[in-house]
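Structural features, examined
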Amino acid sequence: MRADVLRACDEARRHGFAGVCVAPSWLPVAAEALAGSAVLPVTVAGFPLGATLPEVKAYEAQRCIAAGASEIDMVIHVGALKDERYAYVLRDIATVVQACHARDATLKVIIEAAPLTDEEKVMASHLAKQAKADFVKTSTGFGPWGAKAEDVALMRRTVGPEMGIKAAGGIRTYADACAMVGAGATRIGASAGVPPLLPP
């Protein structure tokens, strides 16, 4: 596993990727490997189900930032969203936003689009924007499917032109990546970048 992390960090440095996302326990390895480069160490909070308490997600984010993370990708409480407990979902996101922004870290909010209706995707994206998150993200990669261009386009229409959108999950080719960018994504999350995501 350490070798995989180091290989990903080396590829990211050589090809100028935005960041390398690792499990929290691997942050020290990634942070050391990426030191002195423009590539950001990234990790997750409340992953992959999003069902932990907001305060636990915030604490996880704080500890991860202290361990070297520049960006946190948190998973919303999907069950609360589907139950229309919107005040809870907003607090869930805002609690982690506060923890991240107080430490100059970026927060991406994973809405896990696969089990959501279009109306729920819109609401999740709206709540992420209302909570002042930096990005909204399509997927964990653990759902029945990952990013879809139509979901990215829906999210972009909801959050407007300023907020970041990360498309992640199932992006396996250069054409896939181009489709996501064309739909409005500003960041691509993929488990393999070299090859096949770089242009031929």
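All of the points below concern the structure found in this document. Here the structure is a predicted model, which means the values were calculated and not measured. Numbering of residues starts from 1 in every chain and runs along the sequence as written. Local features are withheld for residues below a pLDDT of 70 in this predicted model, meaning they are given only at 70 or higher, and side-chain atom pairs are given and counted only at 80 or more; totals for whole chains, interfaces and linings count all residues. Where side-chain values are given, they derive from all heavy atoms of the structure, hydrogens and water being excluded.

**Observations concerning the state of the cysteines**
Here a disulfide denotes a covalent bond joining the sulfur atom of one cysteine to the sulfur atom of another. Defined as follows: In plain terms, two cysteine sulfur atoms within 2.5 Å form what is called a disulfide here. Residue burial is assigned from relative accessible area. The probe radius is 1.4 Å, only protein chains are included, and a residue is buried under 20% of its type maximum, exposed over 50%, and partly exposed in between.
Within this structure, the stated rule accounts for 0 disulfides. Free cysteine Cys64: the closest other cysteine sulfur is in Cys100, separated by 9.2 Å. Judged by relative accessible area, which is 4%, Cys64 ranks as buried.

**Concerning the pairing of strand β4 (residues 106–110)**
Selection rule: Each helix is a run of H or I in the DSSP string that is no shorter than four residues. Each strand is a run of E no shorter than two, and both are numbered from the N terminus. A pair of strands is treated as paired once DSSP finds two or more bridges between them. Call a crossover right-handed when, viewed with both strands pointing away from you, the route from the first strand across the helix to the second goes clockwise.
Of all 5 residues making up β4, 4 are buried, and the element is well covered by its neighbours. Of the pairings in the sheet, the one linking strand β3 (residues 71–75) to β4 comprises 5 bridges and is parallel in character. Counted as the bridge partner of Met74 is Val109 from β4. Pairing between β4 and strand β5 (residues 135–137): 3 bridges, direction parallel. Looking across to β5, one finds that Ile110 is bridged to Lys137. As for the winding sense of the linkage, the β-α-β connection from β4 through helix α6 (residues 118–130) to β5 is right-handed.

**So, the packing of helix α7 (residues 149–159) against helix α8 (residues 174–183)**
How two helices sit against one another is set out by the angle between their axes and by the gap between those axes. Selection rule: For helices, the axis comes from a line fit to the C-alpha atoms of the stretch in contact; other axes are also lines fit to C-alpha atoms, and the angle between any two N-to-C directions lies between 0 and 180 degrees. Put simply, angles under 35 degrees are roughly parallel, angles over 145 are roughly antiparallel, angles from 65 to 115 are roughly perpendicular, and the rest are oblique. Helix crossings fall into two classes, left-handed where the near helix is turned counterclockwise from the far one by less than a right angle and right-handed where it is turned clockwise. For this analysis, residues touch if any pair of their heavy atoms sits within 4.5 Å. Throughout this entry, Asp, Glu, Lys and Arg are counted as charged residues, while Ala, Val, Leu, Ile, Met, Phe, Trp, Tyr, Cys and Pro are counted as nonpolar. The remaining residues, Gly among them, count as polar.
In contact at an axis separation of 8 Å, α7 and α8 are set at 20 degrees when each is read in the N-to-C sense. What the angle tells us is that α7 and α8 run roughly parallel. Both α7 and α8 take part in a crossing whose hand is right-handed. Residues Ala149, Val152, Ala153 and Arg156 of α7 touch α8, and the partners they reach there are Ala179, Met180 and Ala183. Split into classes, the residues belonging to the contact of α7 with α8 amount to 6 nonpolar, no polar and 1 charged.

**Topic: the layout of surface pockets**
Which entries qualify depends on this criterion: Each cavity reported here is a set of points on a 1 Å grid over the protein atoms alone in which a 1.4 Å probe fits but cannot get out, each pocket an open set with protein on both sides within 12 Å along at least five of seven lines, and each lining residue one with an atom within 4 Å of a point. Grid points are joined across faces, edges and corners, and a volume is the space filled by probe spheres set on the points.
The calculated volume of the largest pocket comes to roughly 1300 Å³. What lines the largest pocket is a set of 46 residues, and nearest its centre among them are Cys21, Gly189, Ala190, Ser191 and Ala192. Those elements giving two or more residues to the lining of the largest pocket turn out to be α1 (2–15), β1 (19–21), β2 (40–45), β6 (164–168), α8 and β7 (187–189). A per-element tally of the lining of the largest pocket places α1 first, with 6 residues. For the lining of the largest pocket, the per-class residue count stands at 27 nonpolar, 10 polar and 9 charged.

**A look at the nonpolar core**
Counted only if it meets this: Here, nonpolar core refers to any group of buried Ala, Val, Leu, Ile, Met, Phe, Trp, Tyr and Cys residues whose side-chain atoms link them within 4.5 Å.
If you look at the biggest cluster of nonpolar residues, it comprises 51 residues, and the most contacted ones within it are Ile72, Ile93 and Leu107. In terms of residue count, helix α5 (residues 86–101) provides more of this core than any other element does, 6 residues in total. Other than its neighbours up to four places away in sequence, Leu107 contacts Ile72, Met74, Ile93, Val96, Val97, Cys100, Ala133, Asp134 and Phe135.

**Some remarks on the pairing of β2**
The element β2 is largely enclosed, with a buried count of 5 among its 6 residues. Where β1 lies against β2, 3 bridges are found, and the strand directions are parallel. Its bridge partner lying in β2, Cys21 is registered against Val42. Regarding topology, helix α2 (residues 27–34) serves as the crossover connection from β1 to the parallel β2, and that connection is right-handed. Looking at chain direction, β2 and β3 are connected through 4 bridges and run parallel. Note that in β3 the partner of Val44 across the bridge is Asp73. The parallel pair β2 and β3, bridged by helix α3 (residues 54–66), forms a crossover whose chirality is right-handed.

**What to know about the packing of aromatic side chains**
Convention followed: Two aromatic rings, drawn from Phe, Tyr or Trp (for Trp, its six-membered ring), form a pair once their centres lie within 6.5 Å of each other, and the interplanar angle then sorts them: stacked below 30 degrees, edge-to-face above 60, tilted otherwise. When the NZ atom of lysine or the CZ atom of arginine is within 6 Å of a ring's centre and also within 35 degrees of its normal, the charge is said to sit over that ring.
By the definition in use, this model includes 1 aromatic pair. Above the ring of Tyr88, the side-chain terminus of Arg85 is found at 4.7 Å from the ring centroid. The ring of Phe135 has Lys108 lying over it, and the distance from NZ or CZ to the ring centre is 5.8 Å.

**Quick word on the sheet that holds β1**
Consider a sheet: its strands pair through backbone hydrogen bonds, and that pairing is either parallel or antiparallel. Ordered in space as β1-β2-β3-β4-β5-β6-β7, the 7 strands form an open sheet in which the pairing is parallel. A strand with exactly one partner marks an edge of an open sheet, and here the two such strands are β1 and β7. Ignoring strand direction, the axes of neighbouring strands in this sheet form an average angle of 25 degrees. The strands touched by α7 are β5 and β6; relative to β6, the strand with the most contacts, the crossing angle is about 165 degrees.

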